[in-house]
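# Overview (structure and organization)
What follows is the residue order along each chain.
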Amino acid sequence: MVEEEVPLPILFHDVTPIPQEDGPHPVCAISYKEDFTEAMNYLRAVLRANELSARALKLTSICLKLNPANYTVWHFRRRCLQNLSSSSSTKFAPESIQSDLEFSSKLGGSNPKNYQIWYHRRALLEPTFEAEMIKQKEGGEKGKEDEDDIIQKAKEELNYINGVLENDGKNYHAWSHRQWVLRTICFPPSIYNSELDYVHKLILDDPRNNSAWNHRWFITHKGCTRKPLSSLEDVQKEITYAMQCAEVDPFNESPWRYVIGFLEECKKYSGSEGNDVMEAADVKSLINSCEQEITKMRGNLGSTEYDVDSCVHLTSAKIDILEMKGDDISLEQVSVPILKAVTIFFTKVNHFQCMSLSIHMARTWGDWNVTKANNFYGCNFEYVALFLSFYLGTFDPS
Amino acid sequence: SFFFFFGSDSTNYSHFYKCTTSFQCISVGSEHDMRFLYCACAISSMLHNWSAINIPAATSYITSCKSYDGAFALIPGQEGHGGSTFCAVASLKLMGQLEHVLIRDRTWFWSLVRWCVARQIKGMQGRPNKNEDTCYSYWIGGALSLLLQANASFENNSSNNNDGEQQSVSDHLLDLTSLKEYVLSCQTDMGGFSKTFGAAPDLLHSFYSLAWLSLSNSYNHNIHDDTDGDNDDRDNISLRQLDCALGIPLDRTAIFQKVFTAP
């Protein structure tokens with residue numbers, strides 16, 4: 001059905017438009033186009049009159065097409081929808097939700113990073129999603145049919161997000177919205193596997209998609225990202241998965257962050273109360289096996305055209321692991337790759353200077369003090385790193 | 001009087017955990033995330049009035065936004081990001097919680113510093129494996145600057161050994177020359193700075209490029225021990241010094257102090 005474009009002065013024949021008040025001497029006045037000015041003048045009028053009508057709704061569509069970032073207009077639009085809704089004044093009618101999701105999708109297409117459009121989707125869905133969840137929790141009678149309906153809508157929303165991620169797999173808004181859907185809806189447990197499959201496909205397509213890795217962390221932690229996994233086996237599985245990816249391309253930062261993230265989490269929670277799955281001994285052997293994997297990878301890389309020590313993230317992970325082990329021998333071992341990397345790879349020298357200082361700190365924290373470190377290296381370790389970076393500054397890296 | 005709007009995601013009925021309170025930008029109908037928490041802290045700081053912010057709750061929200069790689073996300077559970085990392089670090093600094101939360105946690109502190117440093121390609125990226133973008137020079141460069149400044153004070157306060165030798169941590173861990181080159185290369189013929197080389201300029205990237213260039217002026221006096229006093233000025237670009245956490249000139253923050261504190 002094609003709507004006729006009724007000119008605004010006719011649609012709002014009984015309304016006096018209100019011009020924007022910029023004061024007598026506006027600083028940096030924007031030269032708005034005529035159609036923008038006209039639409040916003042009428043909007044100000046209906047806002048002031050608090051007219052939550054169908055024509056006001058239509059007006060918001062016009063204004064939002066002109067400027068989809070105007071959050072006042074979005075909020076007013078939602079108030080219109082609620083007022084026009086046949087159900088309660090705080091919820092939206094199902095038809096409104098559907099049509100406005102379509103409206104948002106249309107606007108969202110060329111504005112995939114617009115906060116207000118993503119929020120509008122959430123604002124539309126939130127009342128029904130959450131009401132249904134409350135009902136379920138309270139053992140509501142309506143039960144299965146409504147539940148399936150909600151889950152279907154949620155899956156459609158996930159599907160919409162899939163489409164956006166296909167265009168840009170790292171769209172932060174899309175991933176935030178996805179997390180919101182997953183946190184809000186009580187999906188059947190099969191959602192874990194389907195999300196894992198989805199994120200695996202994305203990682204296969206682009207192993208450097210850090211957002212996908214983050215989502216994998218979210219899923220494996222079932223959205224409880226600050227609590228550790230409850231099964232050592234699951235942790236091992238994730239670490240193996242990431243290490244395999246790192247092996248294919250050790251220069252890819254993402255899987256390394258993932259591995260170190262898991263190891264740090266295990267170490268932090270091992271032996272702590274309420275977590276009797278993660279024994280300190282198990283964590284230690286996890287760390288050791290990762291170290292062995294890395295050593296093997298360094299060996300493999302060494303036999304290629306790539307300079308092992310220039311593989312920052314691989315070396316960085318090794319250093320992280322040695323730090324985690326924390327014993328004197330491991331800490332001493334750290335200095336070798338650092339100093340070597342410093343001399344070889346200029347643009348990353350500050351990265352490693354940073355690393356060397358962190359070891360300095362780790363030693364201080366672990367009851368080694370600067371004096372001991374100095375005695376060991378025969379000079380102030382910090383200044384060695386500092387000197388090298390300064391010295392290399394006069395080098396032509398090419 | 002003024003007040004900030006706490007938004008809260010309602011309670012959890014799903015298998016997935018939910019985040020807790022945060023800030024939103026208007027009284028109703030807005031998303032809530034780290035950006036608005038930072039705005040709230042900045043405003044409170046400028047007004048010298050913290051009555052509208054529950055500092056422990058805000059601090060707790062910030063900590064809950066820590067990602068597995070040590071950086072801060074916009075919301076709990078999301079990916080570590082340069083923009084939200086700056087907002088988090090700056091907010092903690094403004095609330096006076098930076099040392100307690102981050103600096104004392106040496107493991108986290110260094111992993112965050114390393115994360116920031118690893119964002120440098122030539123210019124800065126906002127997340128691992130993303131493209132360079134001039135605004136991240138400030139988000140990341142600024143976060144680093146705040147972290148390292150706080151660390152320097154922490155070290156000075158807590159070191160009581162080493163024969164009075166000052167354990168100063170070098171406060172430029174970025175390859176400043178490359179970063180400066182990149183930012184300056186993003187200036188356009190029509191003026192302003194763009195996000196990437198060759199793109200069209202915009203206000204946001206112009207501001208944050210200039211802001212970082214101003215910040216970078218303070219780095220120049222470190223490595224080069226000046227026997228030759230000219231070194232400092234030659235590399236500096238003439239820009240006003242900023243309050244890093246607020247991103248406004250120092251002389252302006254002095255005015256806020258004067259206006260909003262009781263005589």
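Residues numbered from 1 in each chain as written. Chains lettered and ligands numbered in written order. Predicted model: local features only at pLDDT ≥ 70, side-chain atom pairs only at ≥ 80, totals over all residues. Heavy atoms only, no water.

## Some remarks on the packing of aromatic side chains
All names here are of chain B. Keep this limit in mind: When two rings of Phe, Tyr or Trp (its six-membered ring) have centres within 6.5 Å they constitute a pair, described as stacked for plane angles under 30 degrees, edge-to-face for angles over 60, and tilted for the intermediate range. Burial status follows relative accessibility: with a 1.4 Å probe on protein chains alone, a residue under 20% of its type maximum counts as buried, one over 50% as exposed, and anything between as partly exposed. Secondary structure counts use DSSP, requiring at least four H or I residues in a row for a helix and at least two E residues in a row for a strand, with both numbered from the N terminus.
One pass over the structure, following the stated rule, counts 22 aromatic pairs over all chains. Measuring from centroid to centroid gives 6.3 Å for Tyr138 and Trp139, while their planes differ by 65°, and the two rings are edge-to-face. A single burial state applies to Tyr138 and to Trp139, both of which are buried. Note on Tyr138 and Tyr208: the rings are 5.5 Å apart at their centroids and 35° apart in plane angle, and the pair reads as tilted. In this pair, Tyr138 sits in helix H6 (residues 135–158) while Tyr208 sits in helix H8 (residues 203–217), placing the two residues 70 residues apart along the sequence. Residue Tyr138 is classed as buried on the basis of its relative accessible area, which comes to 1%.

## Topic: the nonpolar core
The condition that has to hold: Throughout, nonpolar core names a set of buried Ala, Val, Leu, Ile, Met, Phe, Trp, Tyr and Cys residues whose side chains join them through atoms within 4.5 Å.
Counting 88 residues, the largest nonpolar core has A:Leu59, A:Phe187, A:Ile239 and A:Leu263 as its most contacted members. Top element by residues in this core is helix H7 (residues 144–167) of chain A. It accounts for eight residues. Within the second largest apolar cluster, 66 residues are counted, among which are B:Ala71, B:Leu92, B:Val117 and B:Leu176.

## Focus: the confidence of the model for chain A
The condition that has to hold: Along the chain, pLDDT gives the predictor's confidence residue by residue, from 0 to 100. Any two residues whose heavy atoms approach within 4.5 Å at even a single point are treated as in contact.
Residues with a pLDDT of 70 or more make up 77% of chain A, whose mean pLDDT is 82. When the criterion is pLDDT under 50, residues 342–349 of chain A qualifies, and its contacts beyond four places in sequence or with other chains add up to 20 contacts.

## What about the domain arrangement of chain A?
What counts is decided by this rule: Domain borders in the structure are assigned automatically or taken from a domain database.
For chain A, the assigned domains read domain 1 (1–84), domain 2 (88–138 + 146–221), domain 3 (228–325) and domain 4 (337–398). The C-alpha centroid of domain 3 of chain A is placed 56 Å from the C-alpha centroid of domain 1 of chain A.

## Considerations on the environment of A:Phe262
Among the secondary structure elements, A:Phe262 is positioned in helix H12 (residues 253–269). Every residue in contact with A:Phe262, bar those within four places of it in the chain, is listed here: A:Trp217, A:Thr220, A:His221, A:Leu229, A:Val235, A:Glu238 and A:Ile239.

## Considering unusual backbone geometry
Residues other than glycine seldom take positive phi values, yet A:Asn50 does so here, at roughly 55°. Along the chain, A:Asn50 turns up in the loop between helix H2 (34–49) and helix H3 (54–66). One non-glycine residue, B:Asn129, adopts positive backbone phi at about 65°. Along the chain, B:Asn129 turns up in the loop between helix H5 (106–118) and H6.

## Remarks on helix H13 (residues 280–302) of chain A
What counts here: By this rule the span expected of a helix is its residue count minus one, scaled by 1.5 Å.
Between its first and last C-alpha, H13(A) extends 33 Å over 23 residues, near the 33 Å set by a 1.5 Å rise per residue. All of the buried residues along H13(A) are A:Val283, A:Leu286, A:Ile287, A:Cys290, A:Glu291, A:Ile294, A:Met297, A:Arg298 and A:Leu301.

## Here we look at the confidence of the model for chain B
Regions with low pLDDT carry predicted coordinates that are not meant to be interpreted in detail. All names here are of chain B. Per-residue pLDDT for chain B averages 80, and the proportion of residues at 70 or more is 77%. The secondary-structure element of chain B with the lowest mean pLDDT is strand S1 (residues 6–7), recorded at 43, while helix H3 (residues 82–95) shows the highest, at 98. Note that residues 5–21 has pLDDT below 50 and, in this model, 60 contacts with residues that lie over four places away or in other chains. The low-confidence segment residues 160–171, where pLDDT is below 50, has 29 contacts with residues more than four positions distant or belonging to other chains. The complex model carries a pTM of 0.86, and its ipTM stands at 0.86.

## Examining H2(A)
Residue and element names in this part refer to chain A. In a regular helix each residue adds 1.5 Å, so 16 residues correspond to 22 Å; H2 covers 23 Å between its end C-alpha atoms and thus fits that length. Where H2 is concerned, the buried positions are Phe36, Ala39, Met40, Asn41, Tyr42, Leu43, Arg44, Ala45 and Val46. Looking at the packing, one finds that the buried side of H2 touches helix H1 (8–11), H3 and helix H4 (71–84).

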